Every structure is written in C-alpha cells, then in structure tokens.
Amino acid sequence: MKVLFCSTHPLHTADFLADFQAALPVVEFIHWREDMPTQGAELAVIFQPPDALYAREPGLRAVFNLGAGVDALLRNPAFPSSLALYRLEDGGMSAQIAEYVVHAVSRIVRQLDRYAEQEADRRWHQLTAIDRREFPVGVLGMGVIGRKIATTLAQLDYAVAGWSRSGQPLEGVEVFGGQSQMDAFLARSRIVVNILPLTSETSGILNARTLGRLKAPAHLINVGRGEHLVEEDLLEVMASGHVESAVLDVFRTEPLPKDHPFWSHPRISVTPHIAAQTGRRETVAQIASKIEAYLAGRAVSGLVSRELGY
Ligand code: NDP
C-alpha cells in the first residue's frame, strides 16, 4: 500500500517522511512531486498541495490534512468532491493557542504594556490592580482548540463563555449556542477570542455589528482566520473607542502587506500566523493512527463535513 506525502509548505519534508515511515512500516510513504509518474495511490497526507496532485492521482480516495483548518482546500474548485478529507484534531496546537491567548489576555488584564513603558523610564510604580471579573472572556468556536482555551482561562478564574453551533456544555464555562444566542454571548463578553473555522457562515463574523455589541471597552483576539474579520470595521470600532485593543495572528492577506495599517496601529498587535505551529511528533502519531484505522475499515475521526465546511 502506497501513501503519498504532498506539501508545498516549507515543512521538514524529509523528517516528516522518515517519521511517518517509522510510525507505519506496513505502508510505503512516497514524497509526491509533480515530475513523477502516476503512483495509483488511494491515500495521501497533504499540506497546501498543488492542484496537479488531484489530476495526476485520480485513484485517491482519502486525504489527511496536516492542519486543522480546511477552508483553503474546500474552496478550491480543483479539490475533488468525492475525496474524503480528514483534518488534524489538536495535534499539539490547542496548548500552544491557549498559551498565546493567556499571554494576550494577561497583557490586558495585568497591564503589562503599561509596566513595559514604566520599565523603559526606569519607573517603579505599582498600578491599581484590576479585578479579573471585570474582564469576562468569550470564546467564539468551542471545538478542540476553543475548549482548551476556555478551560485554561476558567482555571485562571476568568469568567468564560463559549459560543458554538450546538452549545454543547462544558464544565466551568457558560455556553451559548447558535445565532439566537449570539447577541447575549457578545453582550456579556469584554474580551472576545475567535477560534472558529472559516466557512460561508462564519466569514466576516467579526464586524462592526458584532464587535459593537461587546462590553466596552472591549478587546479582540483573532486566532481563527483573517477572513473572519472585516478589517475596516475593526479600525472603525477602535477609532470610536468601543474596542480598545486587538491581537491578531491571522489576516486576509498573508504575509500582511508592509503598507497595511495594522502594522503601525498603536493598539493592534500583529503576529505572523504562529499562534500554533504543527507539532511533528503529535501530528505523525495522530495521522498514522487515522491511516491505520482507515486501512482496517474502522471509523476514522476528524472527517470533514462538506455540508458544514468544517
Ligand atoms: P473544530 O472543528 O474542532 O471546532 C469548530 C468549532 O466551531 C465547533 O465548536 C463548532 O460548533 C463551531 N462552529 C463552526 N461553525 C459554526 C457556526 N456557523 N456557528 C457557531 N459555531 C460554529 O475546530 P478546531 O478547534 O480544531 O479549529 C478551529 C479553527 O482554528 C481551524 O478551522 C483553523 O481555521 C483555526 N486554527 C488557527 C491556527 C493558528 O495558528 N492561528 C492553528 C490551528 C487552527 P459545534 O461544536 O457545534 O460543531
């Protein structure tokens, strides 16, 4: 049995291949390149693959994505509708994103930017402490990553709420479900963290209307996708003072163009899509066990719903 490995991302392809081969010696992992003849493979491990893969390998039945987000694959008209698509579930990313969010939240609540300014002036001055109950946090998207963010913040005694399609309960977190409960979720949140998947329903969900419903002065942390945010609307709600600061890891155009106003905005922090990076060990172990389950005819978790888009 052959499994193709196809990535256009500057990942450590040789290391991934060696690790996949060691994890699953019963199959032959092949580094797929555009100049090779058709391999007739049924399965592939992919990350941002070129469209040529689908045309050259018409025998593909299932692909395993090396990332959690599948929006780019699903909106690609070349991606065959018959292919089963399995996504990475956590893969070491939830702890990284929770850590990123805790850092962003504590910068706000513990006034760390103001202490950095004081330090630059060699000024020893204790600011009045802020009660964290004044900063209810709302997490948009309560999947494998959103749940980790929510429980981590709840363990630090933040008042945390989560919003998802289903509103599935989670201990220690107030849950809201569906469109009908969205406004109530926004109205109780002062810091909003977005970790939704990008779908036709969630595109543009961070806009003047939704951001305007947050408890002011509000703060935005976007670690989902750039297309969730209507960028002009953020600048507008920040100019009005309703939203005080934003920490953004993802953008409509990546890399963020050098002349983009976000770079120089004094209250916007930009990171280059690094809230989580794929952990090779966890990823290989997880995908190898998905491939094993697939080959054994067992149910494979992480199957993406084409209808829902995640
Ligand atoms: P999951 O599929 O596990 O969870 C998705 C969550 O979003 C679920 O709670 C789901 O609701 C909810 N949801 C989806 N659509 C809607 C909707 N229309 N209305 C309300 N809720 C909705 O995803 P992950 O947690 O694994 O990842 C989420 C996203 O994070 C990825 O798609 C990716 O874009 C992004 N990401 C960003 C990274 C970065 O470095 N910045 C790294 C990794 C991921 P329900 O529970 O009811 O199904």
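Starting from 1, residues in each chain are numbered consecutively following that chain's sequence as written. In keeping with the model being predicted, local features are shown solely for residues with a pLDDT of at least 70 and side-chain atom pairs are shown and tallied solely at 80 or more, while totals for entire chains, interfaces and linings include all residues. Only hydrogens and water are set aside; all other atoms, that is, all heavy atoms of the structure, feed into the side-chain values.

Glancing now at the overall build of the chain. Regarding its fold elements, the chain presents 11 helices and 12 strands. Radius of gyration means the value over C-alpha atoms here, while the globule rule gives 2.2 Å times the residue count to the 0.38 power. Taken over C-alpha atoms, the radius of gyration comes to 21 Å for the chain, in line with the 19 Å a tight globule of 310 residues would show. Each residue gets one of three labels from its accessible area relative to the maximum for its type: buried under 20%, exposed over 50%, partly exposed in between, using a 1.4 Å probe on protein chains only. Here the chain holds 310 residues, and 48% of them are scored as buried. Only heavy atoms enter the contact rule, under which two residues are in contact if any of them lie within 4.5 Å. Considering only contacts within the chain whose residues lie at least 6 apart along the sequence, 61% involve residues at least 24 apart. Surface summary for the chain: the accessible area is close to 15,400 Å², and the carbon and sulfur share equals 51%. The charged-residue count follows a simple rule in which Lys and Arg add positive charge and Asp and Glu add negative charge, with His and chain termini not counted at all. Charge placement uses NZ in Lys and CZ in Arg. For Asp and Glu, CG and CD serve respectively. Where the 30 positive side-chain charges of the chain centre and where its 35 negative ones centre are 3 Å apart. Strands are runs of DSSP state E lasting at least two residues, helices are runs of H or I lasting at least four, and both sets are numbered from the N terminus onward. Note on areas: Shrake-Rupley, 1.4 Å probe, and residue coverage restricted to the protein chains presented here.

Right, let's talk about the sheet that holds strand β3 (residues 43–47) for a bit. DSSP bridges decide pairing: two strands pair if at least two such bridges lie between them. The 5 strands lie next to each other as β2-β1-β3-β4-β5, forming an open sheet whose pairing is parallel. Each end of this open sheet is capped by a strand with a single partner; those strands are β2 (28–31) and β5 (84–86). Put simply, the sheet's adjacent strands are angled 25° from each other on average, direction ignored. In this sheet, β3 lies alongside strand β1 (residues 2–7) in parallel orientation, the contact comprising 5 bridges. Counted as the bridge partner of Phe 5 is Val 45 from β3. Throughout, an axis means a line fitted to C-alpha atoms (over the contacting stretch in the case of helices), and angles, computed between N-to-C directions, take values from 0 to 180 degrees. This element, helix α11 (residues 280–295), spans β1, β2, β3, β4 (62–65) and β5 of the sheet and lies at about 165° to β4.

Our next topic: the environment of Glu 174. In this fold, Glu 174 is placed in strand β8 (residues 174–177). By relative accessible area, Glu 174 is classed as partly exposed at 42%. Once the C-alpha coordinates of Glu 174 and Glu 236 are considered, the two residues, 62 residues apart in sequence, prove to be 29 Å apart. Setting aside chain neighbours within four positions, we find Glu 174 in contact with Val 160, Ala 161, Gly 162 and Arg 188.

Expected helix span is computed as 1.5 Å times (number of residues minus one). Over its 17 residues, helix α4 (residues 93–109) extends 24 Å from the first C-alpha to the last, a length consistent with the 24 Å expected when each residue adds 1.5 Å. Among all positions of α4, only Met 93, Ser 94, Ile 97, Ala 98, Tyr 100, Val 101, Ala 104, Val 105, Ser 106, Ile 108 and Val 109 are buried. Tucked inside the fold, the buried residues of α4 contact α5 (112–120), α6 (144–155), β9 (191–194), β10 (218–222) and β11 (243–248). Looking one or two residues past α4, Gln 111 carries a phi angle of roughly 55°, positive in sign.

This paragraph deals with the packing of aromatic side chains. Stacked, tilted and edge-to-face are the three classes applied to pairs of Phe, Tyr and Trp rings, where Trp contributes its six-membered ring and a pair requires centres within 6.5 Å; stacked means planes under 30 degrees apart, edge-to-face means over 60, and tilted covers the rest. Within the structure shown, the criterion is met by 10 aromatic pairs. Their ring planes at 85° and their centres at 6.3 Å tell us that Phe 64 and Tyr 294 sit as a pair that is edge-to-face. On the criterion of sequence distance, the pair formed by Phe 64 in strand β4 and Tyr 294 in helix α11 is long-range, its members being 230 residues apart. We classify Phe 64 as buried; its relative accessible area is 1%. Of the residues examined, Tyr 294 reaches a relative accessible area of 21% and is grouped as partly exposed. Ring geometry for Phe 251 versus Phe 262: centroids 6.4 Å apart, planes at 55°, classification tilted. Of this pair, Phe 251 sits in the loop between β11 and α10 (261–264) while Phe 262 sits in helix α10, placing them 11 residues apart in sequence.

In the contact formed by α4 and α6, the axes pass within 9 Å of each other and the chain directions differ by 45°. With respect to each other, α4 and α6 are oriented oblique. Judged by the twist between their axes, the crossing of α4 over α6 is right-handed. Contacts between α4 and α6 involve Ser 94, Ala 95, Ile 97, Ala 98, Val 101, Val 102 and Val 105 from the first element and Val 144, Ile 145, Lys 148, Ile 149, Thr 152 and Leu 153 from the second. Reported orientations rely on four angle classes, namely roughly parallel under 35 degrees, roughly antiparallel over 145, roughly perpendicular from 65 to 115, and oblique for the rest. The crossing is said to be left-handed when, going from far helix to near helix, the turn is anticlockwise and less than a right angle, and right-handed when the turn is clockwise.

Attention now goes to the domain arrangement of the chain. Considered domain by domain, the chain is made up of domain 1 (2–91 + 278–295) and domain 2 (93–270). Distance from the C-alpha centre of domain 1 to the C-alpha centre of domain 2: 33 Å. With 9 residues of domain 1 in contact, the opposing surface of domain 2 contributes 6 residues. When domain 1 packs against domain 2, close to 720 Å² is buried across both sides, 47% of that on carbon and sulfur atoms. Accessible area that two parts lose when put together, evaluated with a 1.4 Å probe and summed over both, is termed the buried area. Considering only the side of domain 1, the residues that lose the most area to domain 2 are Asp 71, Arg 75 and Asp 90, jointly responsible for 60% of the buried surface there. Note on definitions: salt bridges are taken to be side-chain nitrogens of Lys or Arg within 4 Å of carboxyl oxygens of Asp or Glu. For the interface between domain 1 and domain 2, the tally reads 2 salt bridges. Residue ranges labeled as domains rest on an automatic or database domain assignment.

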